[in-house]
Every structure is written in structure tokens, then in C-alpha cells.
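Results of the structural survey
Below are the chains, spelled out letter by letter.
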Amino acid sequence: MNFIEARKLVFEYIRRDEEDNVESILTALDEVDLDVREGEFVAVLGHNGSGKSTLAKHLNVLLAPGGGTLWVDGKDAEDADNLWAIRQSTGMVFQNPDNQIIASVVEEDVAFGPENIGVPTAEILKRVEKSLKSVGMLQYREHSPNRLSGGQKQRVAIAGVMAMEPKCIVLDEPTAMLDPNGRREVLEAVERLNREKGVTVILITHYMEEVTNADRVYVMDNGKVVMQGTPRAIFSQVDTLKSYRLDVPQITLLAYELRKAGLAIPEGILTRQELVEALCRLY
Amino acid sequence: MLRDITIGQYYPADSVIHKLDPRTKLMATLVYILSLFLFRNVAGFAAVTLWLALVIWLSKVPFGYMVRGLKAVVIILLITVLFNLFLTPGETLVSFWKLRITEEGLKNAAFMAVRLIYLILGSSILTLTTTPNQLTDGLEKSLKPLNKIHVPVHEIAMMMSIALRFIPILIEETDKIMKAQLARGADFESGNLVKKAKEMVPLLVPLFISAFRRANDLALAMEARCYHGGEGRTKMKPLKYKHVDFLVYLAAAGYFMAVILLRRLW
Amino acid sequence: MSIILDKVNYVYSEKTAYEIHALKDVSLKINDGEFIGIIGHTGSGKSTLIQHLNGLVKASSGGIYYNGQDIDDDDYNRKELRSKVGLVFQYPEHQLFETTVFADVCFGPKNQGLSRKQSELKAFTALRSVRLPEDYWYRSPFELSGGQKRRAAIAGVLAMEPEVLVLDEPTAGLDPKGRDEILDLVAKLHKERRMTVILVSHSMEDVAKYVGRLIVMNRGSVMYDGTPAEVFAHYQELEEVGLAAPQVTYLMHELRGRGIPANGTATTLEEAKQSILQAFSEKR
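Predicted, not measured: the structure shown is a model, and the values here were computed from it.

1. Notes on the overall build of chain C
Per the secondary structure count, chain C includes eleven helices and ten strands. Over its C-alpha atoms chain C spans a radius of gyration of 21 Å, differing by no more than 12% from the 19 Å that the globule rule assigns to 284 residues. Its C-alpha atoms give chain C principal-axis dimensions of about 65 × 50 × 35 Å. A buried classification covers 55% of the 284 residues belonging to chain C. Across chain C, contacts joining residues at least 24 apart in sequence account for 62% of those joining residues at least 6 apart. Total accessible area on chain C stands at roughly 12300 Å², and carbon and sulfur atoms take up 46% of it. Averaging the coordinates of the 34 positive side-chain charges in chain C and doing the same for the 39 negative ones gives two points 4 Å apart.

2. Remarks on the overall build of chain B
On a plain count of helices and strands, chain B comes out with eleven helices and two strands. Helices and strands in chain B line up, N terminus first, as α-α-α-α-α-β-β-α-α-α-α-α-α. In summary, chain B has a C-alpha radius of gyration of 23 Å against a globular reference of 18 Å for 266 residues, an excess of more than 25%. Seen along its three principal axes, the alpha-carbon backbone of chain B occupies a region of about 65 × 60 × 40 Å. Across the 266 residues that make up chain B, the buried fraction comes to 42%. For chain B, the exposed area adds up to about 15400 Å²; of that, 72% sits on carbon and sulfur atoms. Across chain B, the centroid of the 32 positively charged side chains sits 4 Å from that of the 19 negatively charged ones.

3. So, the domain arrangement of chain B
One can read the domain layout of chain B as domain 1 (1–130 + 238–266) and domain 2 (152–235). Between the C-alpha centres of domain 1 of chain B and domain 2 of chain B there is a distance of 32 Å.

4. Overview of the sheet that holds strand β2 (residues 22–36) of chain A
Residues and elements named next belong to chain A. Spatially, the four strands line up as an open sheet ordered β2-β1-β4-β5, and their pairing is antiparallel. Looking at the sheet topology across the chains shown, the edges are occupied by β2 and β5 (75–76). Note that strand β1 (residues 4–16) and β2 share ten bridges and pair antiparallel. Each residue of the ladder has a partner; that of F11, found in β2, is L29. Contacts from helix α1 (residues 52–59) reach β1, β2 and β4 (67–72), with the element oriented near 65° to β2.

5. As for the interface of chain C and chain A
Listed per partner, the contact involves 36 residues of chain C and 30 residues of chain A. Across the interface of chain C and chain A, roughly 3200 Å² is buried in total on both sides, 61% from carbon and sulfur atoms. Between chain C and chain A we count five salt bridges in total. The residue E277 of chain A makes a salt bridge to R258 of chain C at a minimum N-O spacing of 3.0 Å. Looking at the side of chain C that touches chain A, the elements that each hand over two or more residues are α6 (176–193), α10 (247–257) and α11 (269–283) of chain C. Looking at which element gives the most residues to the side of chain C that touches chain A, the answer is α11 of chain C, with eight residues. Of the residues in the side of chain C that touches chain A, the class split is 17 nonpolar, eight polar and eleven charged.

6. A look at the sheet that holds strand β6 (residues 85–88) of chain C
All names here are of chain C. The strand order β6-β7-β8-β3-β9-β10 describes an open sheet built from six strands, whose pairing is mixed. Both edges of this open sheet fall to β6 and β10 (221–226), since each of them pairs with a single strand only. Within the sheet, the average angular offset between the axes of one strand and its neighbour, ignoring direction, is 15°. As judged from the four bridges shared by β6 and strand β7 (residues 164–168), these two strands associate in the parallel manner.

7. Examining the pattern of salt bridges
By the definition in use, this model includes 42 salt bridges over all chains. D104 of chain C serves as the salt-bridge partner of R184 of chain B, at 2.9 Å between the closest nitrogen and oxygen. Pair noted here: R184 of chain B is in the loop between α8 (153–183) and α9 (193–199) and D104 of chain C is in helix α3 (residues 101–111), and the two residues belong to different chains. Accessibility classification places R184 of chain B together with D104 of chain C in one group, the buried group. Through salt bridges that share partners, E107, E129 and R141 of chain A together with K237 of chain B make up one connected network.

8. Digging into the packing of helix α7 (residues 132–142) of chain B against α8 of chain B
Residue and element names in this part refer to chain B. Running from N to C, α7 and α8 cross one another at 165°; their axes reach a closest spacing of 9 Å. The angle between the axes of α7 and α8 places the two elements in the roughly antiparallel class. Where α7 crosses over α8, the handedness of that crossing is right-handed. Across from P132, N133, T136, L139 and E140 in α7, the residues of α8 making contact are V153, H154, A157, M160, S161 and L164. Residue classes in the contact of α7 with α8 are distributed as six nonpolar, four polar and one charged.

9. Here's the deal with the packing of aromatic side chains
For the structure shown, the criterion picks out 16 aromatic pairs over all chains. Seen in terms of ring centroids, F112 of chain A and Y227 of chain B are 5.6 Å apart; in terms of plane orientation they differ by 25°. Their pairing is stacked. Highlighted residues: F112 of chain A in helix α3 (residues 106–116) and Y227 of chain B in the loop between α10 (201–224) and α11 (243–265), drawn from two different chains. As far as burial versus exposure is concerned, F112 of chain A and Y227 of chain B are alike and both buried. Ring plane angle 20° and centroid distance 6.1 Å describe the contact between F102 of chain C and W137 of chain C, whose orientation is recorded as stacked. In this pair, F102 of chain C is assigned in helix α3 and W137 of chain C in the loop between α4 (116–129) and α5 (146–158), connecting sequence segments 35 residues apart. Under the relative-accessibility criterion, F102 of chain C is labelled buried at 10%. Over the aromatic face of Y207 of chain A sits the side chain of R183 of chain A, whose NZ or CZ is 4.0 Å from the ring centroid.

Basis of the calculations
Position labels on residues start from 1 in each chain and follow its written sequence. Here every chain gets a letter starting at A, and every ligand a number starting at 1, in the order they are written. Thresholds applied to this predicted model are a pLDDT of at least 70 for local features of residues and 80 or more for the giving and counting of side-chain atom pairs; totals over whole chains, interfaces and linings are not thresholded and use all residues. The side-chain quantities take in all heavy atoms of the structure and omit both hydrogens and water. For the purposes of this entry, the term helix denotes a DSSP run of H or I that reaches at least four residues, the term strand denotes a run of E that reaches at least two, and both are numbered from the N terminus. Radius of gyration means the value over C-alpha atoms here, while the globule rule gives 2.2 Å times the residue count to the 0.38 power. Burial here depends on accessible area, computed with a 1.4 Å probe over protein chains only, as a share of the maximum for the residue type. Under 20% is buried, over 50% is exposed, and the range in between is partly exposed. In what follows, a contact means two residues having at least one pair of non-hydrogen atoms within 4.5 Å. A 1.4 Å probe and the Shrake-Rupley method give the accessible areas. Residues count as covered only by the protein chains that appear here. For the purpose of charge, His is not counted, nor are the chain termini; Lys and Arg are scored as positive and Asp and Glu as negative. The location of each charge is read from NZ of Lys, CZ of Arg, CG of Asp or CD of Glu. In this entry, domain limits derive from an automatic or database-based domain assignment. Paired strands, in this sense, are two strands between which DSSP finds at least two bridges. Convention adopted: a line fitted to C-alpha atoms gives each axis, helices being fitted over their contacting stretch, and angles between N-to-C directions are expressed from 0 to 180 degrees. Values labelled buried area give the accessible surface lost by two parts on being combined, using a 1.4 Å probe and summing over both. Within this document, salt bridges are pairs made up of a side-chain nitrogen of Lys or Arg and a carboxyl oxygen of Asp or Glu, the two lying within 4 Å of each other. Basically, the charged four are Asp, Glu, Lys and Arg, the nonpolar ten are Ala, Val, Leu, Ile, Met, Phe, Trp, Tyr, Cys and Pro, and anything else, Gly included, counts as polar. Oblique is the label for any angle not covered by the other classes, which are roughly parallel (under 35 degrees), roughly antiparallel (over 145) and roughly perpendicular (65 to 115). Crossings are assigned a handedness: left-handed for a near helix turned anticlockwise from the far helix by less than a right angle, right-handed for a clockwise turn. When two rings of Phe, Tyr or Trp (its six-membered ring) have centres within 6.5 Å they constitute a pair, described as stacked for plane angles under 30 degrees, edge-to-face for angles over 60, and tilted for the intermediate range. Only Lys NZ and Arg CZ are tested; either one counts as a charge over a ring when it is within 6 Å of the ring centre and within 35 degrees of the ring normal.

As C-alpha cells, this is what we get:
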């Protein structure tokens with residue numbers, strides 16, 4: 001069984017008026033199927049309001065499925081007894097760095113998760129040190145989060161999740177509020193955790209540059225999964241992506257335009273290096 | 001500006017006082033505050049001063065830094081002193097126009113000023129040498145017996161520490177919203193009280209909305225990290241008394257007795 | 001008509017442990033009708049700089065002149081300046097507060113002392129120009145999507161009919177389509193209304209595509225000031241301070257390194273495409 005298996009997952013936001021009559025129904029998830037193997041790096045793309053954040057919140061059981069089934073780490077998400085076990089095995093990082101740091105000192109914040117699940121004192125200290133080290137923030141352990149940059153705050157948030165020793169991290173637009181340097185810092189930290197510690201990563205984003213290294217990409221629109229495949233396969237379909245309010249990285253777009261203009265460049269160029277090689281072969 | 005407030009800020013240093021258990025510091029501060037209202041003569045004043053000086057010296061917090069915290073209360077201080085100076089009945093020393101200064105007034109004003117200054121200095125030592133989290137930990141553990149009468153001590157402590165974390169963020173946010181509305185021609189200064197209150201709407205509405213959004217986000221983030229109240233929680237740094245804490249308890253008790261004795265002596 | 005900054009300095013929390021010299025001897029001339037981009041990493045002083053332009057922050061030293069008048073003069077009308085230099089802050093939708101979008105957009109004109117009718121007229125024009133569909137005008141701002149809220153907030157500044165429009169990262173947090181929509185809107189305002197536009201951005205690709213002049217801020221000083229092509233020719237120096245050039249600029253340099261005569265000054269996708277196609281056609 002896969003680490004995450006969602007079958008026909010449905011979730012509706014129902015708005016009721018004062019007499020409890022249904023005023024409107026917004027289908028945020030519409031029969032979504034999702035499969036993630038242990039150790040994979042999966043990206044979920046989609047414009048604002050496409051349902052990707054709603055999906056993320058299901059993986060951590062912050063929302064309960066309105067229909068369909070969801071199994072995380074071999075456990076049924078609908079069974080209330082599995083709640084804490086699932087939240088411990090799939091950690092979650094949110095968009096706004098300020099709104100997920102609870103403590104006024106970095107290391108105390110990282111300790112928050114382990115404290116909640118009752119890890120013994122000596123073990124907490126070890127975990128805090130290890131996870132701060134894994135995101136390169138150990139030298140800031142006694143700092144106040146208020147004086148850190150956005151990228152550093154997000155790394156502290158990731159360390160806070162890592163200290164619970166999860167098998168998987170779900171990151172819900174972790175870079176949306178950061179500048180380019182902060183984005184790079186966070187992405188590098190996430191990729192390293194995936195590569196070196198074998199942590200399963202589910203990255204939700206609308207920055208196309210961030211998904212080129214993913215194993216697989218899901219594209220969501222209107223609560224449905226509308227595309228899935230390797231980054232190369234997805235980025236070959238420039239026009240389809242644009243119809244979902246998305247874009248491709250500038251280099252991919254240039255390669256696509258040159259191809260349209262008649263140069264025999266292969267489809268789905270992802271990096272600058274690939275385009276240089278392709279053009280040199282043609283020249 | 002809003003950012004210049006030093007009261008309640010932590011000053012990192014490596015001192016005996018910093019390393020004390022927060023419960024000890026809370027107790028000692030309480031004893032100290034009581035003593036401020038007990039002394040009534042120069043000998044008592046000397047004892048209190050000595051004790052305060054000793055603690056400041058031990059804390060390794062620069063005296064100048066501490067004094068800056070007094071700026072915020074200068075006005076209150078002045079008003080108190082003036083009231084005591086002019087409104088205490090007794091033997092007149094000087095008098096001009098309708099005002100007169102009495103010997104008792106002078107004494108009262110001096111003691112009152114000292115009391116207030118010492119009160120602020122003393123309690124700022126507590127916040128300067130104790131991180132907000134240690135402080136709330138200390139409160140939580142000291143007040144634990146109240147749990148038996150169904151006071152949600154853990155929840156109150158958690159709320160306090162979250163408030164401390166978000167106060168600077170909300171102050172910054174206030175500054176930002178204010179500037180943004182000024183850029184749209186808002187005016188927060190002119191006009192009478194009613195007009196002023198009305199002018200606060202463009203500031204307060206966005207601020208409340210933002211605070212609610214943050215609270216909502218934070219609640220989700222806490223749940224995602226398995227927070228479910230105080231039950232079954234462990235601590236990374238559980239509070240534990242050391243030998244020095246007992247010494248401080250003894251010293252504080254001794255100091256308190258001394259102040260009471262000095263009150264009787266003269 | 002112009003804005004002139006003469007050796008402007010700004011120091012935060014002067015004479016304390018947290019003293020920061022946010023602007024150092026910044027001298028600039030911003031001409032009427034220019035489309036200027038400002039780049040620089042977080043803390044480079046770019047946000048502080050733009051808050052000087054409408055007098056929200058007062059320079060510690062140096063002079064700022066709007067149309068030849070010193071804005072720090074005691075009798076200068078700074079309130080009027082704020083409506084002439086419209087400043088759109090980061091995440092401007094966080095400042096919406098009225099019960100309807102339309103009422104919120106009226107806030108600026110009302111503060112200018114206009115009558116209700118005049119204010120509504122201005123709000124009407126502003127909402128039209130940001131292309132917010134009329135269905136949304138009388139709804140609560142909080143029912144709108146992220147991109148719509150952002151446009152409503154920009155309309156709130158436009159309704160004051162500023163001569164200069166300054167935007168601090170107007171695309172932050174939006175999805176790709178939303179980003180394009182906002183930037184196209186800004187470009188349209190510049191073109192059709194001949195408005196002076198100053199755009200603070202983190203995206204090198206965006207500034208290269210839209211602006212005519214690019215100012216690079218680093219540690220409180222102006223590091224470069226020129227056309228995008230001129231500025232991005234210094235891509236190595238930009239990298240040293242944690243910035244970069246657009247991806248296509250790197251590509252062009254790499255192609256040249258491999259013997260393809262591509263145009264090294266190309267900064268936009270269109271320029272790069274033309275240059276590569278030309279190199280290929282000349283070879284044949």
C-alpha cells in the first residue's frame with residue numbers, strides 16, 4: 001500500500017443562512033485520487049482557489065473527508081482513533097511563517113511538537129538539536145523568531161515538524177510570502193530532507209520553478225486533479241497549463257516559443273543547461 | 001515610537017539571577033514588592049536599596065538599560081510626587097500663592113517616588129532576566145494547585161505565552177496599517193474625541209481581522225503539531241529547583257524579616 | 001514635473017543598540033511619465049525609500065523635492081502630497097475595512113475633502129480601470145478572491161487620482177495568472193494615463209519585461225540606475241549581493257560562451273527569442 005492513498009476524495013464548504021438552509025455549496029475537492037509512495041517528492045500545483053490547500057489539510061486530518069476514502073501511513077483517516085498518529089507521521093508547514101511559530105525562542109518552538117506527544121525530556125533536547133541542524137538553523141536556537149528573516153522562520157517551522165520525526169511533510173505554499181533568497185533557502189532545506197533523510201515530501205505551490213526537481217507533479221483546477229506526471233511531461237503542455245491560470249518557468253517557455261518558431265528543440269525543457277545543450281546541438 | 005518600550009523585554013546575559021528558577025524569582029519579586037510598602041524610615045529605605053543594588057549587580061543587566069524603562073512612567077511619577085508634595089497636611093515649610101509644602105508632604109513625596117521607581121526597577125529585573133516562556137512556565141507550575149478548583153492553569157499560561165509572542169507582531173502591523181491609511185489620506189490626529197474615535201475605524205477593523213486570521217492560522221498550526229491541551233505533555237526544560245534557589249528563598253525570607261524589624265526599631 | 005531626492009539619509013532607532021542606517025546618501029531624479037523598477041533584497045532600503053516619496057517617513061537628512069518644492073518645508077501640504085503620490089503597500093487588501101468594496105474605494109477621495117457625489121464618481125472610474133466586475137462592487141471586500149481584493153485595494157489608491165503611482169510588490173502571493181493581470185493593469189495605467197509608475201519587485205523577469213528604468217538598492221544605497229539591459233549587464237556583481245539577472249540573460253551569455261552569437265543584452269523572453277532565431281537564420 002502507498003504511504004498516502006486517496007480515492008474519490010470529496011470535500012464541500014457548505015454555507016448556511018440564519019435558518020440553517022443551505023445557501024451555497026463550494027466543492028473544494030471533487031473526487032480526487034492521490035497516491036504518494038514513501039520517500040517520494042510530489043508537487044501539487046494549482047492557482048489560488050483550486051482546492052490544493054484543502055487537499056493539504058486532509059492529509060494531516062485538519063479536515064475530515066466529506067466523501068471517498070483516505071489512507072495515510074496505512075491508517076484510515078476517517079477513524080478518529082488514528083487522528084494523533086496521522087498528525088505525528090505527516091507533519092505540516094503552512095504559508096505564513098509568523099502564524100505558525102508558537103514560542104518566543106526558536107528552540108522552545110521546535111520543542112512544542114515533541115512536548116505535545118509526550119516525548120521524554122532528554123529525548124526532546126536531542127531531537128531539537130538534530131532537527132535544527134538538519135535545516136541549518138542550529139546557531140539560532142536561542143534567538144527570538146521576531147528577528148529572523150522569512151526564510152529562516154520557515155526553516156524553524158520545518159524543524160518544528162521534523163522534531164516530531166514524521167515520515168512525511170506536507171508544505172502548503174511555504175514560499176508564497178518569501179523573497180527569492182528565502183524561497184531558495186526553504187526549497188534547498190526541503191530537498192535535502194527528502195534526499196538525505198528519505199522524508200516523503202508533498203509540496204503545494206504555484207511557483208513553477210520549485211517543482212522541476214519533483215518526482216511527480218499533480219495539477220489541480222476547480223477541485224479536480226486535471227494533470228499528473230513528471231515535471232517534464234507536465235511542462236511540455238504549456239497551453240494546457242496556461243488554461244489553468246498557471247505558467248511555466250521562463251526557460252521552458254522560451255524553448256516552447258523557439259520550437260513553435262521552427263527550431264527542432266525537444267519538448268519539456270526544464271533547465272537552462274538543457275536548452276543550451278539543445279541549441280548547441282542544432283547550431 | 002511604539003517600539004521603544006523596554007519593560008517586559010528579555011535581556012540575555014549569563015548571571016546567577018538569569019539561572020534562577022522562575023518560581024524563585026516570582027516569589028522573591030513578590031516579597032520585594034511587599035517590602036516596598038512596609039518600610040517607613042531611612043533604615044528601612046537603606047535595607048531595600050541595598051537589596052535592590054545587590055540584585056541589579058548580580059543580574060549583569062546594564063543599569064542604564066534598566067533606567068530607560070522608567071521613561072514610560074515619568075508622567076505618572078511626576079503626578080504622584082506633586083500630589084503628595086502639595087496635598088499632605090502638616091507643618092508648613094514653604095508656602096506661596098495657594099500652595100504649601102509641608103514636612104510630611106516632602107517626606108511622603110520622596111518615599112512615594114522611591115517606592116514607584118524601585119517597584120519598576122525591581123519588577124523589570126524579573127522580566128529582563130526571565131524569558132517570557134520561563135515566566136509562564138513558572139506561573140503555571142506555581143499556580144498548579146488551583147487546577148483542583150477547576151482553574152484552567154495550563155490554558156491561561158499558554159494564552160499568556162502566545163500573547164507575548166504576538167504583541168510585537170501586532171504592534172508592527174498597527175504601524176503598517178496606519179501608514180497605509182495615511183497614504184489614503186486618513187487623519188488620525190485632528191478633531192475632537194468623537195471624530196477621533198471615528199477615525200480609528202479604518203485602523204481597528206483591519207487590525208481585528210488580521211488578529212482573527214492569525215489566531216485561526218495559529219490554531220490550525222498547533223493542532224497540526226498534535227497540541228491537545230496540557231494532558232500528557234512533557235517539557236524540554238522542566239523546572240527544577242537547585243541549591244541556589246533554596247539559598248535565595250532563605251535570603252528573601254531574611255530580608256523580609258529585616259525590613260519588618262527595621263520598621264519596629266525606630 | 002519630477003521628484004528629486006538629494007542626498008537622503010534615514011536612520012532607524014538612532015543612538016540605540018538597534019540603530020540601522022536604512023538609506024545612505026540616496027540621490028535620484030524621477031521624471032514625469034517614467035516607469036521605474038526598484039529591486040533589492042529584503043532590508044536593502046527599498047521600502048523605506050518609497051515611503052519617503054509621499055512624506056510618510058521623514059528623512060534624517062537631505063532634501064526631497066516634489067515639482068521643485070521641498071516637502072519638508074513647514075508650510076508644505078503633506079496631506080495633498082499623499083494624494084499626488086499614491087502608495088500601494090504590500091498586501092494592500094489587508095487595509096480594506098468598509099462594508100462594501102465601493103465604500104472602501106470612496107475612502108481616499110472623501111479624505112481629500114470631495115463631496116459624496118464626486119467621491120463616488122472617482123470610485124466608479126477607479127473600479128472600472130482595475131477591471132473589477134460590477135457584481136462585486138457592493139459586496140463585502142472579504143467575499144472577493146485574493147486577486148480581486150488586491151485590485152479593489154489598488155482602486156482605493158487610484159481613486160485619489162495620483163500623478164505618481166508607487167507599488168510595493170503588488171504581485172506577492174498571487175498565482176501566475178493573477179500576477180500577469182496586475183502587472184498588465186499597471187502597464188496600462190502607465191501607457192494610457194501617462195502616469196509615473198514606480199514598481200518595487202523581487203522578480204527580475206517582471207521588471208525586465210515592464211520597466212524602462214531600473215534602480216538597484218543595496219545596503220541603503222543606489223547600486224545601479226539604468227535601463228534593464230544596462231543593469232543586468234552587471235549580472236555577476238548583482239549575484240555577489242544576493243540578486244540575479246533574468247534567466248534568459250544567463251542563457252544568452254552561456255550561448256555566447258559556446259560560440260553562438262546571441263545578444264548578451266537580451267533581458268526579456270521576446271528579445272532572447274528574436275536574437276536566437278536571428279543567430280540561427282544568419283548561419284544558414
